[in-house]
Amino acid sequence: MSIKTFIKTIKSKVISEHKASEKDNGGSVEAQVAILTERIKNLTEHMKLNHKDQHSKRGLLLMVNRRKKLLAYIKKRNPSDYEALIKKLGLRK
């Protein structure tokens, strides 16, 4: 299995777990946060092994900030959904 197909299968699994409706293909805010969380976890492991990789470090910081903004939007829109999502993803407030 190539890397691209592996990433696609992981992404589709994450979307199916966190989609907002049956027609959601990963565009909902909750699905976007879940995808970003998975990517952040993978890139964090990469950074542990390659601590001098400044390009990946910048990408990691951009993803963390984007997730933070999306979570703030969810919290503002519906606090109960926010609480459920961070509990489901294992994030801290």
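See above for the structure.
This one's a predicted model, so the numbers in the text were calculated from it and none came from an experiment.

## A few points about the overall build of the protein chain
So, point 1. Within the protein chain, the regular secondary structure consists of four helices and zero strands.
So, point 2. By its C-alpha atoms, the protein chain is 40 × 30 × 20 Å across when sized along the principal axes.
So, point 3. Burial statistics for the protein chain: of 93 residues in total, 30% are counted as buried.
So, point 4. Partitioning the intrachain contacts of the protein chain with sequence separation of at least 6 by distance along the chain shows that 49% fall at a separation of at least 24.
So, point 5. Total accessible area on the protein chain stands at roughly 7,200 Å², and carbon and sulfur atoms take up 56% of it.
So, point 6. For the protein chain, the centre of its 23 positive side-chain charges and the centre of its 9 negative side-chain charges are spaced 7 Å apart.

## Side note on the nonpolar core
So, point 1. In terms of nonpolar packing, the biggest core is built from 19 residues, with V33, L71, I74 and L85 touching the most fellow members.
So, point 2. Among the secondary structure elements, those contributing two or more residues to this core are α1 (3-18), α2 (29-49), α3 (54-77) and α4 (79-89).
So, point 3. No other element matches α2, which puts eight residues into this core.

## As for the pattern of salt bridges
Proximity of charged atoms lets side chains of opposite charge pair with each other.
So, point 1. Under the definition given, this model contains two salt bridges.
So, point 2. Note that E30 and R77 form a salt bridge whose closest N and O atoms lie 2.8 Å from each other. Separated by 47 residues along the polypeptide, E30 in helix α2 and R77 in helix α3 bring together distant segments of the chain.
So, point 3. The class for R77 is partly exposed, based on a relative accessible area of 42%.
So, point 4. In this structure, E45 engages K48 in a salt bridge whose closest nitrogen and oxygen atoms are separated by 3.3 Å. Within this pair, E45 and its partner K48 are both found in helix α2, separated by three residues, close to a single helical turn.

## As for the side chain of H18
So, point 1. Here H18 is to be found in helix α1.
So, point 2. If we skip the residues at most four places from it in the chain, H18 touches S28, E30, A31, A34, L85, K88 and L89.

## Describing the packing of α1 against α2
Geometry of a packed helix pair, given as the angle between the helix axes and the separation of the axes.
So, point 1. Remark: α1 packs on α2, axes separated minimally by 9 Å, with the N-to-C direction vectors making an angle of 140°. Taken together, the axes of α1 and α2 lie oblique to each other. Seen along the crossing, α1 lies across α2 with a hand that is right-handed. Within the contact between the two elements, α1 uses I10, K11, V14, I15 and H18 and α2 uses E30, A31, A34, I35 and E38.

Rules behind the numbers
- Residues numbered from 1 in each chain as written.
- Predicted model: local features only at pLDDT ≥ 70, side-chain atom pairs only at ≥ 80, totals over all residues.
- Heavy atoms only, no water.
- Helix = DSSP H or I, 4+ residues; strand = E, 2+ residues; numbered from the N terminus.
- Buried < 20%, exposed > 50% of the residue type's maximum accessible area, 1.4 Å probe, protein only.
- Contact = heavy atoms within 4.5 Å.
- Areas by Shrake-Rupley, 256 points an atom, 1.4 Å probe, with all protein chains shown as cover.
- Lys, Arg positive; Asp, Glu negative; His and termini not counted.
- Charge placed at Lys NZ, Arg CZ, Asp CG, Glu CD.
- Core = buried A, V, L, I, M, F, W, Y, C linked by side-chain atoms within 4.5 Å.
- Salt bridge = Lys/Arg side-chain N within 4 Å of Asp/Glu carboxyl O.
- Axes fitted to C-alpha atoms, helices over the stretch in contact; angles between N-to-C directions.
- Parallel < 35°, antiparallel > 145°, perpendicular 65-115°, else oblique.
- Left-handed = near helix turned anticlockwise from the far one by under 90°.

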